[in-house]
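# Observations on chain architecture
Chain residues, written in single-letter form:
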Amino acid sequence: DAVESFWIERVHEFFSGKPFKIRLDASRSLRTVVRDVIEQAVERQKTTPGMYYGGAVLQHLVGAKLDCALGKGHLAHNSFSTADAPGARAGDFFLGDVAIHVTTSPGEAVIERCRENLNDAYRPILVTLQHGLTVAEGLANNVGLGDRIDIFEIEQFVALNLYEIGKFAADGRKVAVLDMVSRYNEIVDDVETDPSLKIELRR
């Protein structure tokens, strides 16, 4: 049993050290492309206790998407551990009067940060997974903020922007995905110490 456990752990370490993969296939929806990489991160997280791959991937996907839409230099990027630390900044990204929060599991703490944003004259946006959408909306409604916080599901938030950046053309969409993945990997290089967070494109 001990030997078997040892080798199972080595296998997990091996695959945890590999980048996530996105397959470029024109027949697949852009939402599916986004979903695939998030599912890989969540699955890896299950086999690596203490590592929050899902949250890191969400945060950096949103950051890469914003950079592709607005151009580099409009927002600051931080490591996921910095953004997720106790007493962290009042948002993962700030743009104009907007504070953007990215989380896989919305709870009362992020809704409270949104309330603080509103008190500070910021407009809060919350980006989360599909299953977190209903939870976030419920929590916001419970504290009377349901009509003051914009809550988005990550797949739509990213995919729709890729369509717009690609001008709704087949070649444009492909370039938009390539640019987003390239920018995502640059962000991981700049702010993270774990290269396995990168994304590898398969054609």
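Refer to the structure printed above.
Scope of this entry: the structure provided in the associated data block. (Residues numbered from 1 in each chain as written. Predicted model: local features only at pLDDT ≥ 70, side-chain atom pairs only at ≥ 80, totals over all residues. Heavy atoms only, no water.)

The next subject is the nonpolar core. Counting 41 residues, the largest nonpolar core has Leu61 and Ile100 as the members making the most contacts within it. Per-element tally for this core: the top contributor is helix α3 (residues 53-70), with eight residues. Beyond its immediate sequence surroundings of up to four residues, leucine 61 is in contact with Val34, Val37, Ile38, Met180, Tyr184 and Ile199. Membership of the second largest hydrophobic core comes to twelve residues, among which are Ile111, Cys114, Leu118 and Ile149. (Core = buried A, V, L, I, M, F, W, Y, C linked by side-chain atoms within 4.5 Å. Buried < 20%, exposed > 50% of the residue type's maximum accessible area, 1.4 Å probe, protein only. Helix = DSSP H or I, 4+ residues; strand = E, 2+ residues; numbered from the N terminus. Contact = heavy atoms within 4.5 Å.)

The subject of this paragraph is the packing of aromatic side chains. Enumeration over the complete set of coordinates arrives at four aromatic pairs. Between phenylalanine 20 and tyrosine 53, the aromatic rings sit 6.3 Å apart at their centres with planes inclined by 80°, giving edge-to-face as the arrangement. Here tyrosine 53 lies in helix α3 and phenylalanine 20 lies in strand β1 (residues 20-23), a separation of 33 residues in the sequence. Per residue, the accessibility class of phenylalanine 20 equals that of tyrosine 53, and both read buried. Where tyrosine 163 meets phenylalanine 168, the ring centres are 5.8 Å apart and the plane angle is 20°; that geometry is what we call stacked. For tyrosine 163, a relative accessible area of 28% corresponds to the partly exposed category. A cation sits over an aromatic face here: arginine 44 above tyrosine 53, 5.4 Å from the ring centre. (Phe/Tyr/Trp six-rings, centres within 6.5 Å; stacked < 30°, edge-to-face > 60°. Lys NZ or Arg CZ within 6 Å of the ring centre and 35° of its normal.)

So, on to the pattern of salt bridges. Counting across every chain of the model gives eleven salt bridges. Linking aspartate 36 and arginine 28 is a salt bridge whose minimum nitrogen-to-oxygen distance equals 2.0 Å. Aspartate 36 sits in the partly exposed class, given a relative accessible area of 23%. Under the relative-accessibility criterion, arginine 28 is labelled buried at 17%. Among the ionic contacts, a cluster of salt bridges with common partners joins Arg31, Arg35, Glu153 and Glu155. (Salt bridge = Lys/Arg side-chain N within 4 Å of Asp/Glu carboxyl O.)

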